[in-house]
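The residues making up each chain are set out below.
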Amino acid sequence: MLGVGALAYGLIQGGARGWTSPVILAAFAAFVAVEARAAAPMLPLRLFRQRLLTVFNTAMAVVNFALMGSSSFFSQFRPSRPPSPW
């Protein structure tokens, strides 16, 4: 339960405190430490030893960030016209 709480706290407070804040980094480190010692972890850390899986997940994260960023950017600057009476 401590690992999930640390992860949730880090994700929720990361934007407000800054992702490189010592408190946020400690919360993520606590999650990793708890998951490394757990008998049945939520995220088996040994998966990241497989190079192909790590590269694929990193690439997908970059693509998802780019898609979300571009959709937010373009939705704000889309030209809006008043409705046509016809």
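Refer to the structure above for everything that follows.
Residues numbered from 1 in each chain as written. Predicted model: local features only at pLDDT ≥ 70, side-chain atom pairs only at ≥ 80, totals over all residues. Heavy atoms only, no water.

Participant: So, the overall build of the chain: which residues are in play, and what are the values?
Facilitator: On a plain count of helices and strands, the chain comes out with three helices and zero strands. Secondary structure elements in the chain, listed N-terminal to C-terminal, are α-α-α. Its C-alpha atoms give the chain a radius of gyration of 19 Å, more than 25% over the compact-globule value 12 Å for 86 residues. Relative to its full complement of 86 residues, the chain shows a buried share of 10%. Once local pairs closer than 6 in sequence are excluded, the contacts in the chain between residues at least 24 apart make up 22%. Counting only carbon and sulfur atoms, one obtains 69% of the accessible surface of the chain, whose full area is about 7,300 Å². (Helix = DSSP H or I, 4+ residues; strand = E, 2+ residues; numbered from the N terminus. Rg over C-alpha atoms; globule rule 2.2 N^0.38 Å. Buried < 20%, exposed > 50% of the residue type's maximum accessible area, 1.4 Å probe, protein only. Contact = heavy atoms within 4.5 Å. Areas by Shrake-Rupley, 256 points an atom, 1.4 Å probe, with all protein chains shown as cover.)

Participant: For the packing of aromatic side chains, give the residues involved together with the corresponding values.
Facilitator: Overall, the coordinates contain two aromatic pairs when judged by the stated rule. Between Trp 19 and Phe 28, the aromatic rings sit 6.4 Å apart at their centres with planes inclined by 5 degrees, giving stacked as the arrangement. (Phe/Tyr/Trp six-rings, centres within 6.5 Å; stacked < 30°, edge-to-face > 60°.)

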